[in-house]
Amino acid sequence: MVWTGSSVSILLGMWHLLAMILSLAAAAAVSSGGSLNSSSPLDLVSSSTSWGLSEELSNASSEPVVRMTPDLLPATTAVAVQEVSPWDIALCVTGTLISCENALVIAVLFYTPTLRAPMFILIGSLAVADLLAGLGLILNFVFTYLVDGSLELVTLLSVGLLISAFSASVLNILAITVDRYLSLYNALTYHTERTVTFTYVMVIFIWLSCVTLGLLPALGWNCLRDESMCSICRPVTKNNAVALAVTFLLVFALMMQLYLQICKIAFRHAQQIAVQHQFVAISTTKGVSTLSAILCAFGVCWLPFAMYSIVADSSYPAIYTYATVLPATCCSVINPIIYAFRNPDIQKSLWMACCGCVPSNLSLRPRASSDV
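Rules and cut-offs
Residues numbered from 1 in each chain as written. Predicted model: local features only at pLDDT ≥ 70, side-chain atom pairs only at ≥ 80, totals over all residues. Heavy atoms only, no water. Disulfide = S-S within 2.5 Å. Buried < 20%, exposed > 50% of the residue type's maximum accessible area, 1.4 Å probe, protein only. Phe/Tyr/Trp six-rings, centres within 6.5 Å; stacked < 30°, edge-to-face > 60°. Helix = DSSP H or I, 4+ residues; strand = E, 2+ residues; numbered from the N terminus. Expected span 1.5 Å × (residues − 1). Arc of directions from axis to C-beta. Contact = heavy atoms within 4.5 Å.

Take the state of the cysteines next. Inspection of every chain in the model, using the stated rule, returns one disulfide. Cysteine 223 shares a disulfide with cysteine 230; S-S distance 1.9 Å. Judged by the sign of its S-S torsion, about 95°, the cystine formed by cysteine 223 and cysteine 230 is right-handed. Pair check on accessibility: cysteine 223 and cysteine 230 agree, each one buried. Of the cysteine sulfurs around cysteine 330, a residue in no disulfide, the closest is that of cysteine 301, at 6.3 Å. For cysteine 330, a relative accessible area of 29% corresponds to the partly exposed category.

Pasting the structure below:
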């Protein structure tokens, strides 16, 4: 075949036209987020003119396009958002439940003038302690996620409130146990010797001791300056945490001894009564089972946290701390049920406040301190 000049010019024109079309297609692909690779039709074009044209079109079309990839994100867009721990949510929910329960108990005791016996004063003090513990859990969540938790004052306030409240809760439970033991041991003279004034003095002593414990971190007994000294509950030092845990173990041992003596006295009274043997046996067995349930619930809730506080420090995983703290807080959920809502006098006040009537099956006999 003989190529004439016109034929060659026509072929060159068609070649340049094809190169322009391929260049426009490549530019459109780049502007839509595509990328050029070795299999692109543009690689088949070896003409320097067509390649330069495609490069210019690609640059012109890709300038206004901003592609944000994870590796190229600017630092200003990486805003640090603190992830909420499910454990902290559980503690906050538990604190809300504790606050609602014990606020109800306090309201009933406050608005019922007949509930002013020493036993109800101790129950009210326990309810106040658990209420403050619940509020402390809520405030701890707020301070952690809604307020700058790095502030020393915020940290010391939150921890001090929790230490005071939970310490008061444990000591009030011990006081109720002692009250029950004395009411059985000195059954004839107890109600004349145990006055309301003496009960108030004991409650004030409990709260002064617990407030002092709560102020220790703010008075310098903390690990804010030396993180290596921290316990599992920052900013409480390891030594202070061990002291608190050992004190709790001593309180628990004393409670076990007192409840054991209560059971012995109850069985001895049952044997001395010659009338209604079956009724006495049933009531005594029920009382012993109730005492066992109270002691077991208290031990199951607090013993894991106390033992872990002795052996662990701040270097241990936080999940272990949460796993032992949550059952301990649940003790304050159980306390109103055990010490308040089971009491017939409080039940009567609740029924009167809710519906203005009292169920016929509700026992209205006088409630003694020795009753469980």
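Glancing now at the packing of aromatic side chains. Across all of its chains, the model carries 12 aromatic pairs by this definition. Seen from their ring centres, phenylalanine 166 and tryptophan 302 are 5.6 Å apart, and the 75° between their planes marks the pair as edge-to-face. Of this pair, phenylalanine 166 sits in helix H5 (residues 152–185) while tryptophan 302 sits in helix H9 (residues 277–311), and the two are 136 residues apart along the sequence. Tryptophan 302 matches phenylalanine 166 in its accessibility class, with the two residues each being buried. Considering the side-chain rings of tryptophan 302 and phenylalanine 305, the 6.3 Å spacing of their centres and the 65° angle between planes classify their relative orientation as edge-to-face. Highlighted residues: tryptophan 302 and phenylalanine 305, both in helix H9, separated by three residues, approximately one helical turn. For the pair shown, tryptophan 302 and phenylalanine 305 are each scored as buried. Among the aromatic side chains, those forming a connected cluster through ring pairs are Phe166, Phe248, Phe252, Phe298, Trp302 and Phe305.

What follows is about helix H7 (residues 196–215). When the terminal C-alpha atoms of H7 are compared, their 29 Å separation across 20 residues agrees well with the 28 Å that a helix rising 1.5 Å per residue should span. All buried positions along H7 are accounted for by Thr199, Val203, Ile206, Trp207, Cys210 and Gly214. Summarising the axial view, the buried residues of H7 lie within an arc of 95°, below the 170-degree limit, and thus occupy one face. In this structure, H7 carries Thr197, Ile204, Phe205 and Leu208 as exposed residues pointing more than 90 degrees from its buried face. Lining the buried residues of H7 we find helix H4 (118–145) and H5.

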